[in-house]
Amino acid sequence: MHESWAEIIENNLKKVLPLLFSTFLLLIAYIPVHIPLSQFFRPDIGMICVYFWALYRQDLFGVCSTLVFAVIADSLSAAPDGLNIFIFIFIFTMSVTFASYVNTKPFAVNWAGFSVISLMAFVVKWLLSSMFYSRFLPFGGIFAAYAATVFLYPLIARLNIYIQNRFLAGEEVIYEQR
Amino acid sequence: MKRRRVLFIRLSQFRVLLRKALVVLVFLSALLVMMLSKADSRLLNKISNSVSGILNPIVRVLQIPAQIVYAAYDGVRDVVFVYQENKLLKQQNIDLLMLKNQVRTLKMENRLLGRMLHYTPPPEASFVTAKIIAEEGDAFSHSVIAYTRNSDNVKKGQVVLGSESVIGRVDNVNGPYVRILLFTDINSKIPVLVERSRVRGVLSGDNTMVPKLLFTALNADIKEGDIIVTSGVAGVFPVGLPVGVVSKISADAIEVETITDIERLEYVKIVDYGVYDGVLEINNTLEN
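Note that the structure is a prediction, hence the values are computed from the model and not measured. Numbers given for residues are sequential positions, taken from 1 along each chain in its written order. Whichever chain is written first is A, and whichever ligand is written first is 1; the rest continue in order. For this predicted model, a pLDDT threshold of at least 70 governs which residues receive local features, and a threshold of 80 or more governs which side-chain atom pairs are given and counted, while totals over whole chains, interfaces and linings are taken from all residues. Think of the side-chain values as coming from all heavy atoms in the structure, minus any hydrogens and water.

K.L.:
Is there a simple way to explain the overall build of chain A in this structure?
P.N.:
Across its full length, chain A holds six helices and zero strands. Think of it this way: any DSSP run of H or I at least four residues long counts as a helix, any run of E at least two long counts as a strand, and we number them from the N terminus. In sequence order, the secondary structure elements of chain A are arranged as α-α-α-α-α-α. Taken over the C-alpha trace, chain A has a radius of gyration of 17 Å; the compact-globule value for 178 residues is 16 Å, and the two agree within 12%. Seen through its principal axes, chain A has C-alpha atoms that stretch 60 × 30 × 30 Å. The classification of residues rests on relative accessible area computed with a 1.4 Å probe and restricted to protein chains. Under 20% of the type maximum is buried, over 50% is exposed, and intermediate values are partly exposed. Looking at chain A as a whole, 56% of its 178 residues qualify as buried. Contacts between residues were defined by any pair of non-hydrogen atoms, one from each residue, lying within 4.5 Å. Contacts in chain A between residues far apart in sequence, at least 24 positions, make up 77% of those at least 6 positions apart. Surface accessibility of chain A: about 8200 Å² in total, with carbon and sulfur atoms responsible for 73%. Just to be clear, the radius of gyration here is over C-alpha atoms, and the globule rule we use is 2.2 Å times residues to the power 0.38. Per-residue and other accessible areas follow the Shrake-Rupley method at a 1.4 Å probe size, with only the shown protein chains counted as cover for residues.

Right, dumping it as structure tokens:
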């Protein structure tokens, strides 16, 4: 049976929907908020999206999607090019490794998993940036960004869960034990 | 019959291997890109500009609803504080009128002295106004993206002023979109001097809200509350532009607070003092 053009477009859109939605959230995060200390407590939305989609929909958000997403994040940021690529691939690898343990557990476990993986990611990011600038970045700001990211995880995860259940539920795959 | 050992790999195993190899390759490429970024690669800048050229218009559209909410919030706040602000503005107006008279006298005096010394004044500065459409501030970088219709005269390195003082410099121009590196960013180094005592130093950002004043003598005459202005050394910034106020002096560092609230930036002025063109020319000559 041949697929109609509409179906082909719809299927292809579904394949890139996690990437498109993550990019949308990333762009939202760049909107000026005019709130005191907003420069200090700025969450890393990209980390949340990569962790979430690599955990639940690795088939739609693979290495290539992570790479494209990281290049987008890098081009928007004034941080060194390649830094987000390294960090997002790091989170992707960690999420995929622990996906089978985490994705069947309650949300609190998922959140706890994110808090551990993002902590590692922030430390790696801090080390790489410090090496790049040949001086240690103040740790206070890193911790504030980490706390904001972990605090905001449930909200961003809920939005992603909505996208998953509303548009991609039929495409769900069962993860093999690795 | 003796069984022959056959070494084979299943397709699924091959895919897993390939994926692992791809991940390692991406890790290595990321490190390579970081090294190239340190060397300020033109190719990387081109790629980055192309991607941000697509994304910046989207950000500009996305920030419109947020802008409406802030405008409504500002409206309510203005109404609540109207009495207090009016009182403050009246006092400021009296001070400014006095200052205006002083400035007029000094201007006249300056013109007369200039004529006596055959002094040629520098060319007038020109500026364009730009609207902030995106801000990026975290522990890793501090920058904003501004939109301006008149970006023809905007060049990398030009000075950016907030409502009251210097906030940074132009880092990248991509069509009508300008990336501004704030002076709180770790990459920012501005030659400055203390307005009162004329002590020179370098204001260095460190991705916190309070940049540090470096390269000053231990016994330098610096007090809390001193105003920091640009020194004009290195030719990027003109002399005498206000940058910040000394907020804390400790054994380890001299902290400088920004005069303009960079968390509430809406519009900025990108100023062409014509100073940086000379520096660029020298750089190009040296490169050639």
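Back to the write-up after that little detour.
K.L.:
Just checking my understanding: could you explain the pairing of strand E1 (residues 126-137) of chain B for this structure?
P.N.:
Across a regular strand the side chains alternate sides, sitting on one face of the sheet and then on the other. Residues and elements named next belong to chain B. Of the pairings in the sheet, the one linking E1 to strand E12 (residues 267-272) comprises six bridges and is antiparallel in character. Across the sheet, Ser126 pairs through a bridge with Asp272, a residue of E12. Whether two strands pair comes down to DSSP finding at least two bridges between them. Once E1 ends, the chain turns through four residues before running back antiparallel as strand E2 (residues 142-147).

K.L.:
I'm lost on the interface of chain B and chain A in this one. Help?
P.N.:
Where the parts come together, the accessible area they lose is often given as the size of the interface. Residue-level contacts link 54 residues of chain B with 48 residues of chain A. Both faces considered, chain B and chain A share a buried interface measuring about 4500 Å² in area, 68% of it formed by carbon and sulfur atoms. Three residues stand out in chain B for area buried against chain A, namely Met34(B), Glu135(B) and Phe140(B), and they jointly supply 18% of the buried area on that side. Salt bridges, as used here, are contacts in which a Lys or Arg side-chain nitrogen is within 4 Å of a carboxyl oxygen on Asp or Glu. For the pair chain B and chain A, the interface holds one salt bridge. We note a salt bridge from Glu135(B) to Arg42(A), for which the minimum N-O separation is 2.6 Å. Whenever two N or O atoms come within 3.5 Å, that pair is a polar contact, provided that in protein one can donate a hydrogen and the other can accept it, and provided that, for residues adjacent in sequence, both atoms are side-chain atoms. At the junction of chain B and chain A, the tally comes to nine residue pairs in polar contact (both at pLDDT 80 or more). In terms of residue count, the dominant contributor to the side of chain B that touches chain A is helix H2 (residues 42-80) of chain B (13 residues). Classification convention: Asp, Glu, Lys, Arg as charged; Ala, Val, Leu, Ile, Met, Phe, Trp, Tyr, Cys, Pro as nonpolar; all other residues, Gly among them, as polar. Partitioned by chemical class, the residues of the side of chain B that touches chain A number 28 nonpolar, 15 polar and 11 charged. Once two parts are put together, the accessible area they lose, assessed with a 1.4 Å probe and summed over both, is termed the buried area.

K.L.:
Help me out: how do you make sense of the confidence of the model for chain A in this one?
P.N.:
Close reading of the predicted structure is inappropriate where its pLDDT is low. Known as pLDDT, the predictor's confidence for each residue is given on a scale from 0 to 100. Here chain A averages 87 in pLDDT, while 94% of its residues score no lower than 70. Across residues 173-178 of chain A, confidence stays below pLDDT 50; counting only partners more than four residues off in sequence or on other chains, it has 12 contacts.

K.L.:
How do you make sense of empty space enclosed by the protein when you look at a structure like this?
P.N.:
The probe, sized like a water molecule, is rolled over the atoms to show the empty space still left. Grid points spaced at 1 Å over the protein atoms alone were grouped into cavities, where a 1.4 Å probe fits but cannot get out, and pockets, open sets with protein on both sides within 12 Å along at least five of seven lines, with lining residues defined by an atom within 4 Å of a point. Grid points are joined across faces, edges and corners, and a volume is the space filled by probe spheres set on the points. Tallying each qualifying case throughout the model produces three cavities of 30 Å³ or more. Roughly 250 Å³ of internal volume is contained in the largest cavity. If you go around the largest cavity, you meet 21 residues; those closest to its centre are Tyr30(A), Pro43(A), Asp44(A), Glu136(B) and Asp138(B). Elements with a contribution of two residues or more to the lining of the largest cavity: helix H2 (45-56), helix H4 (83-102) and helix H5 (107-133) of chain A together with E1 of chain B.

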